Amino acid sequence: GGGGGGGAVSEGGGGGGGSGGGESPMSLLAREGEKELQAALQKVQADMESQGCSHEEIGSQLASVRESHAAYMRQQRQMLQEREEVYKEAIAEGLTPEAAKARVQACAQWQQQMQRLQAKHQAAMQKTHHEAEAAGVSTAEIKRRLEAQRRLQQAEAEAWQQKMRARQQAASEAAEKGQSAAEVEKAVKAVTRAQDAAWAEREAALLAAEGVARREAAEAARQLADASLSPDIRRILLARVRIGGLSARPDLNGREGVAKMWVVEKSRFAVLVDGQGAKAAEQLLLKAANLTVLQPAGGGGGGSGAAAEEEEPP
């Protein structure tokens, strides 16, 4: 459904009338968008008919194309509105129409970069899902991996936006000091390098944490299938649990979490305790006696542990 539409609009983006004999940018966007939609629908229908698809299959696919194109057009309208606001604000600040259009062009470039980042993230999510399915991991692990990927992407988007703001601030400060274009560019590049280095460090930490999480999940899955472990251990493994009976850490009593793995050498479960209000999530080694099963790994009802014992820090 969505192609590279809206390019003609971005040329005059926001400055008032575009092309087409005084036609407004929004009207031009709608007209071009409808033309793209009809071309896409015709192509999809022709392709599917040549493949011998049924009327129901064709109708379903055409509806999907319309839905995707509608979402694409909503995004394009929002982007156009943003560019129009940028132009109006620039004029209100006293900038010349030429300077205002230059700011609009910068906004359009920012929007295009954000679209590329979103496309990259969408492809990464699909790859993560396909790789997890091919590896034969559990549904819960697929969900966990996708959520981890979302967190990584959110962090990258935030870092990218922070970099753009820092670049704009560096350029503005250099220009206010009366520096030359070369000096302004140098200042912007320095800020860009610093921001890129900061993101690379954070990304490496997030990927390392995900690597640990995947290894732990693989070990837990292996343990869950290990018939040599007692049924009581396997019943708690990967279950959602409630903590109770701790005297050294009474603040944990009543908190919930997930028994991520059985640590054989410690005869304890590695439990990831949920965050609660101001209390951050934390991982501890706890005895089975201190855990009440709320929901087993495979779903279903819960059970309880035995008498209270002490917890041991990891």
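Up top is the structure these notes are about.
Note that this is a predicted model, so its numbers are computed, not measured.

## Points about helix H2 (residues 25-50)
- Helix length check: H2, at 26 residues, gives a terminal C-alpha distance of 37 Å against a target of 38 Å (1.5 Å per residue), a fit within 8%.
- Of all the residues in H2, the buried ones are Pro25, Leu28, Leu29, Gly33, Leu37, Ala40, Leu41, Val44 and Met48.

## So, the pairing of strand E2 (residues 256-263)
- Direction of pairing for strand E1 (residues 240-243) relative to E2: antiparallel, over a ladder of three bridges. By the bridge assignment for E2, Val241 is matched with Gly257.
- Across six bridges, the pairing between E2 and strand E3 (residues 268-273) is antiparallel. What sits directly across from Trp262, in E3, is Phe269.
- In this antiparallel pair of consecutive strands, E2 and E3, the connection spans four residues, and Ser267 shows a positive phi of 55°.

## Observations concerning the environment of Lys120
- Note on placement: Lys120 falls in helix H4 (residues 97-135).
- When its relative accessible area of 47% is taken as the criterion, Lys120 is described as partly exposed.
- Sequence separation of Lys120 and Gln153 is 33 residues, and the distance between their C-alpha atoms is 9.4 Å.

## Some thoughts on the nonpolar core
- Ranked by size, the top nonpolar core spans 18 residues in total, and within it Ile236, Val241, Ile243, Phe269, Val271, Leu286 and Leu291 carry the most contacts.
- In this structure, Val44, Met48, Ile58 and Leu62 belong to the second largest nonpolar core, which totals eight residues.

## What about the environment of Asn253?
- Within the secondary structure, Asn253 is located in the loop between E1 and E2.
- Linking Asn253 and Asn290, residues 37 residues apart in sequence, is a C-alpha distance of 8.9 Å.
- With residues near it in sequence (within four places) discarded, Asn253 still touches Ile243, Gly244, Gly245 and Leu246.
- Polar contacts involving the side chain of Asn253 include one to the main-chain carbonyl oxygen of Leu246, which spans 2.9 Å.

## Looking at the packing of aromatic side chains
- In this structure the tally under the stated criterion is two aromatic pairs.
- Look at Trp110 and Trp160: their rings are 5.4 Å apart centre to centre, the planes differ by 40°, and that puts the pair in the tilted class. One end of the pair, Trp110, is in helix H4; the other, Trp160, is in helix H5 (residues 139-176), and 50 residues separate them in sequence.

## Some details on the packing of H4 against H5
- Here H4 crosses H5 at 165°, and the two axes come no closer than 10 Å. By the angle between their directions, the pair H4 and H5 is classed as roughly antiparallel. The interaxial crossing formed by H4 with H5 has right-handed handedness. Residues Trp110, Gln113, Met114, Leu117, Lys120, His121, Ala124, Met125, Thr128, His129, Ala132 and Glu133 of H4 touch H5, and the partners they reach there are Ile142, Arg145, Leu146, Gln149, Arg150, Gln153, Glu156, Ala157, Trp160, Gln161 and Met164.
- Looking at side-chain class alone, the contact of H4 with H5 contains eleven nonpolar, seven polar and five charged residues.

How each quantity is defined
- Residues numbered from 1 in each chain as written.
- Predicted model: local features only at pLDDT ≥ 70, side-chain atom pairs only at ≥ 80, totals over all residues.
- Heavy atoms only, no water.
- Helix = DSSP H or I, 4+ residues; strand = E, 2+ residues; numbered from the N terminus.
- Expected span 1.5 Å × (residues − 1).
- Buried < 20%, exposed > 50% of the residue type's maximum accessible area, 1.4 Å probe, protein only.
- Pairing = 2+ DSSP bridges.
- Core = buried A, V, L, I, M, F, W, Y, C linked by side-chain atoms within 4.5 Å.
- Contact = heavy atoms within 4.5 Å.
- Polar contact = N/O pair within 3.5 Å; in protein donor to acceptor, adjacent residues only side chain to side chain.
- Phe/Tyr/Trp six-rings, centres within 6.5 Å; stacked < 30°, edge-to-face > 60°.
- Axes fitted to C-alpha atoms, helices over the stretch in contact; angles between N-to-C directions.
- Parallel < 35°, antiparallel > 145°, perpendicular 65-115°, else oblique.
- Left-handed = near helix turned anticlockwise from the far one by under 90°.
- Nonpolar A, V, L, I, M, F, W, Y, C, P; charged D, E, K, R; others polar.

Nothing here speaks to function; it is all geometry.
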